[in-house]
Amino acid sequence: YLLYDFGDYKVYEQIDSRAFDDCDMSDVIMQYDHRGRVFARTSNKTLELNPDNIGLYFRADLSGTTIGNQLYEEINGGYTTKMSFGFVVGEQKSEYVEDKEHNTVTKIRKLYDVSAVSIPANDATQISARSISDGLIREIAAERKKALDHIRKRKKLELKLRLMEV
């Protein structure tokens with residue numbers, strides 16, 4: 001993706017799919033625009049990080065604070081749709097072709113934060129909000145149906161037993 005555009009000189013950056021191998025991801029925080037309040041963090045298990053072959057997937061529980069709930073609503077409402085992460089480069093490869101610089105980050109040494117952002121460096125990023133209650137509601141409905149099915153079967157059996165007694 002295009003990282004910088006200086007008019008006659010452009011800088012592109014990409015992250016290698018294995019750049020997070022051996023990356024220090026201890027006590028990573030979630031912020032807004034890489035500064036200010038902490039909404040979630042790995043050390044208290046409100047932030048989960050999972051690098052995959054597409055990028056860095058994360059899940060954050062924003063329900064612990066009023067401001068976290070507000071951020072959730074902003075993401076859910078489509079006001080904030082992009083994300084970014086702050087890190088220290090361990091290794092990178094650079095190629096220069098004409099007036100373009102192509103950098104590939106091959107190792108990330110330390111990941112500091114993941115952030116919901118107003119303006120991302122990489123416009124291909126995305127962030128979305130899902131409520132844990134969405135899954136819980138389906139789970140509760142399935143459990144209720146299972147319990148009702150069990151009650152119906154038991155009543156049928158009781159009726160059969162009564163008929164056999166007569």
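Presented here is a report on the structure given in the accompanying data block. Note that the coordinates shown come from a computational prediction; the quantities given were computed from them, not determined experimentally.

So, the overall build of the protein chain
Alright, step 1. Assigned secondary structure in the protein chain consists of two helices and eight strands.
Alright, step 2. Reading the protein chain from its N terminus to its C terminus gives the helix and strand order β-β-β-β-β-β-α-β-β-α.
Alright, step 3. In terms of overall size, the protein chain is more extended than a compact globule, its C-alpha atoms giving a radius of gyration of 25 Å where 166 residues would be expected to give roughly 15 Å.
Alright, step 4. When each of the 166 residues of the protein chain is scored for burial, the buried share is 26%.
Alright, step 5. Look at the contacts in the protein chain between residues 6 or more apart in sequence, and 62% of them connect residues 24 or more apart.

Side note on the nonpolar core
Alright, step 1. Core analysis: the largest hydrophobic core is formed by 22 residues, its most contacted members being Met30, Leu47, Leu49, Phe58 and Val114.
Alright, step 2. Of all the secondary structure elements, the ones that give two or more residues to this core are strand E4 (35-41), strand E5 (47-51), strand E6 (56-60), helix H1 (66-76) and strand E8 (100-117).
Alright, step 3. The element contributing the most residues to this core is E8, with five residues.
Alright, step 4. Look past the residues within four positions of Phe58 in its chain and what remains in contact with it is Met30, Leu47, Glu48, Leu49, Met83, Val114 and Ile127.

Focus on the pairing of strand E2 (residues 10-15)
Alright, step 1. Here three bridges tie strand E1 (residues 2-5) to E2, and the two strands are oriented antiparallel to one another. Note that in E2 the partner of Leu2 across the bridge is Tyr12.
Alright, step 2. Hairpin remark: E1 followed by E2, antiparallel, with four residues in the connecting loop; positive phi at Gly7, about 80 degrees.
Alright, step 3. Pairing of E2 with E8, which is carried by six bridges, proceeds in the parallel orientation. Looking at E8, one finds that Lys10 is bridged to Lys100.

Definitions and limits used
- Residues numbered from 1 in each chain as written.
- Predicted model: local features only at pLDDT ≥ 70, side-chain atom pairs only at ≥ 80, totals over all residues.
- Heavy atoms only, no water.
- Helix = DSSP H or I, 4+ residues; strand = E, 2+ residues; numbered from the N terminus.
- Rg over C-alpha atoms; globule rule 2.2 N^0.38 Å.
- Buried < 20%, exposed > 50% of the residue type's maximum accessible area, 1.4 Å probe, protein only.
- Contact = heavy atoms within 4.5 Å.
- Core = buried A, V, L, I, M, F, W, Y, C linked by side-chain atoms within 4.5 Å.
- Pairing = 2+ DSSP bridges.

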